[in-house]
Amino acid sequence: MQRNMLSSIARALPKCRSVQSPIERLSRVSPQATSVVGQRLKSTESSGLSDDEYAVGHLDLANGKLKLLCAAEGNWTAPSPTLGGVETDADHVAVVRSALVPMDTSWQSLNQLVKRVNDKVVSIDPSVLKNMPLVDAYVRSGSSYVLQENSVCMLKYFKSQGVCVRMEPAVQTVLRAGASSTVKQSTNEVLMMAPTAFQSNMQAAQDNYFMAGAKGQTFSTNEAVRSKVLEEYRGLYHVLTQEAGLKVNLMSHTELHGTPDACFPNNWFSTHANTPGGTLVLYPMKTPNRQLERRPDIINFLKSKSYANFVDLSVTEMDAAPKYLEGTGSLVLDHIGKIAYVAISERSDVKLAEHWADKLGFNEVVAYHCVDREDRAIYHTNVVQAVGTSFSVLVGESIRDASERKHVMAKLNATREVVDISYDQMDSFCGNVLEVENDKGLPVLAMSSQAHDAFTPAQRATLLKHVAALHHAPIPTLEAIGGGGVRCCIAEVFAPLK
């Protein structure tokens, strides 16, 4: 309706050689049109932005080097080549605008778009993401500022300026944990191993009851299975790199390596940024052919990331009474609160987990027993539990001991919202999900399509209060034969803090 009205206005405009402002032209033919858009067009007549047009707020960030502004009704203003009269000593000025909202929508104030937590951290409400706020970036040039780049994604701009962006629930998690405001639960860089030599691992099937081999099912040739698994894996790789924007260090293996389960690399190493200079850890594996996954070439690749500390726990495989702790399969980590959760099994030794915590500077190990419907110990913690920045997923009914379950729930509820899932959802790998950081610096949740569809709509809505998106891909063959989901396929690479 407005479009038709404005079209008729345009046809009715008189041909005149005198220069008239847009407001003057509109008011001659339609006072109503003037009331709709007139005030928004006023700012287009200015060669720069005045102090009056910053009435919706400003933020000072990055040790005073960045001033964030929000031009009043600025979504109708083309970026000005220069900014003058801005009272600040900042090196950079960023003007936030929303170019992707309807013209009759009220423009949000800066405080509605982004909130300052401290000099290096801001928070946003998830509802802001759908409008995709943009930034026009200016740099100091003498006494004024010149346009350096326009129409930049606001979140990417913050990341480029070293400003950490939090979802609003995460701010409370960090405060309750008493942690540094900049500590991160997740990372944008990961390592993955393409299943180029994948096949069912009967050694692992002895206690991994998620594997089809453990259920007595049979399949076609290894080549046919491998081709199907690789087809699924390519889809997962596309979702993680192109949709979630992860930096993936992708490795491959051959049958000569003798590692049929190598596509689950998170079990044999982990990296950490919470210690000075960072830490690389190697883990002891129960299954002999999985021990071979600790390849020297990949270890050297990881060491090239310049971790100051190196912890090798794999030597406990050689003890008279071997002890195992299979990486972030056994350890589900709260990096913010420095708590390690461990579901006790043959693959997850509590004493070794406590030794690990001492080495890594974690405050506490929360150990518990969990079983499946047949009262068998569940082999890995990361199929029953996941911990994100401000949420957790847990198969509560798998912890049969009431006092243990109460203790675990109390620990999680102290800082996070818990999504309690069922055995059926566990079988669909709803527990085997992982929070990662997208290319804009926001947390997103990676999972399989089977897991995504098994979460209830209410549970998905809860998760989306804490992450910017749920990224998923179908990997049913890998889940059925390999006995692991998307989380098992991803090993986080936390860069050492400089």
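Residues numbered from 1 in each chain as written. Predicted model: local features only at pLDDT ≥ 70, side-chain atom pairs only at ≥ 80, totals over all residues. Heavy atoms only, no water.

Engineer: So what exactly am I meant to see when it comes to the packing of aromatic side chains here?
Structural biologist: Each aromatic ring pair is described using two quantities: the centre-to-centre distance and the angle formed by the ring planes. This model, assessed by the stated rule, comprises 2 aromatic pairs. Note on Trp356 and Phe362: the rings are 4.9 Å apart at their centroids and 55 degrees apart in plane angle, and the pair reads as tilted. Exposure class is identical for Trp356 and Phe362. Each is buried. Just above the ring of Phe310 sits the side chain of Lys303; from NZ or CZ to the centre is 4.3 Å. (Phe/Tyr/Trp six-rings, centres within 6.5 Å; stacked < 30°, edge-to-face > 60°. Buried < 20%, exposed > 50% of the residue type's maximum accessible area, 1.4 Å probe, protein only. Lys NZ or Arg CZ within 6 Å of the ring centre and 35° of its normal.)

Engineer: Got a minute to help me understand the pattern of salt bridges in this structure?
Structural biologist: Close approach of charged atoms lets side chains of opposite charge pair. For the structure on display, the rule yields 26 salt bridges. Put simply, Asp60 and Lys67 hold a salt bridge, and the shortest N to O gap is 3.3 Å. Close ionic contact of Glu255 with Arg226 constitutes a salt bridge, the shortest N to O distance being 2.9 Å. Here Glu255, found in the loop between β11 (247-251) and β12 (269-272), pairs with Arg226, found in helix α7 (residues 222-243); they are 29 residues apart in sequence, far enough to count as distant. Residue Arg226 is classed as buried on the basis of its relative accessible area of 12%. (Salt bridge = Lys/Arg side-chain N within 4 Å of Asp/Glu carboxyl O. Helix = DSSP H or I, 4+ residues; strand = E, 2+ residues; numbered from the N terminus.)

Engineer: What is the right way to read the sheet that holds strand β19 (residues 391-394) from this model?
Structural biologist: Two strands in a sheet stick together by hydrogen bonds in their backbones, pointing the same way (parallel) or opposite ways (antiparallel). If you trace the 3 strands from one edge of the open sheet to the other, you get β18-β19-β20, paired in mixed fashion. The sheet is open, and its two edges are formed by β18 (385-387) and β20 (417-420), each paired on a single side. Within this sheet the neighbouring strands show an average axis-to-axis angle of 15 degrees, counted without direction. (Pairing = 2+ DSSP bridges. Axes fitted to C-alpha atoms, helices over the stretch in contact; angles between N-to-C directions.)

Engineer: Quick question: what am I supposed to make of the nonpolar core here?
Structural biologist: One recurring pattern in soluble globular proteins: nonpolar side chains tend to sit buried together. Within the largest apolar cluster, 36 residues are counted, with the highest numbers of intra-cluster contacts made by Tyr341, Tyr368, Val393 and Phe455. Of all the elements in the fold, those that place two or more residues in this core are β16 (339-343), β17 (364-368), β18, β19, α12 (402-413), β20, α13 (423-427) and β22 (443-448). Setting aside its immediate chain neighbours within four residues, Phe455 contacts Val393, Val419, Ile421, Gln425, Cys430, Val433, Met447, Arg460 and Leu463. Of all hydrophobic cores here, the second largest spans 27 residues; its members include Val225, Leu236, Val444 and Cys488. (Core = buried A, V, L, I, M, F, W, Y, C linked by side-chain atoms within 4.5 Å. Contact = heavy atoms within 4.5 Å.)

Engineer: Even after reading the chapter, I still don't get the sheet that holds strand β24 (residues 491-492), so can you show me in this structure?
Structural biologist: Pairing is mixed across the open sheet formed by 3 strands, whose spatial order is β11-β10-β24. Because the sheet does not close on itself, it has two edges, and the strands there are β11 and β24. Most of the contacts of helix α9 (residues 296-303) go to strand β10 (residues 189-193), to which it runs at about 175 degrees, and overall it touches β10 and β11.

Engineer: I'm lost on helix α6 (residues 168-177) in this one. Help?
Structural biologist: Residue pairs spaced three or four apart in an α-helix point in one direction, given the helix's 3.6 residues per turn. Along α6, the residues classified as buried are Ala170, Val171, Thr173 and Val174. Looking straight down α6, one finds that the buried residues subtend no more than 165 degrees of arc, so they occupy a single side. Turned more than 90 degrees away from the buried face of α6 sit Leu175 and Arg176, all of them exposed. Lining the buried residues of α6 we find β5 (115-118), β6 (121-124) and β9 (164-167). Downstream of α6 by a residue or two, Gly178 has a phi angle that is positive, lying close to 65 degrees. (Arc of directions from axis to C-beta.)

Engineer: What is the right way to read helix α11 (residues 350-360) from this model?
Structural biologist: Within α11, the full set of buried residues consists of Leu352, Ala353, Trp356, Ala357 and Leu360. Taken down its axis, α11 places every buried residue within 145 degrees of arc, on the same side. When the buried face of α11 is taken as reference, the exposed residues oriented beyond 90 degrees from it are Lys351 and Asp358. As for α11, its buried residues are in contact with β12, β13 (279-282), β15 (331-334), β16 and β17. Among the residues trailing α11, Gly361 stands out with phi positive, at a value near 75 degrees.

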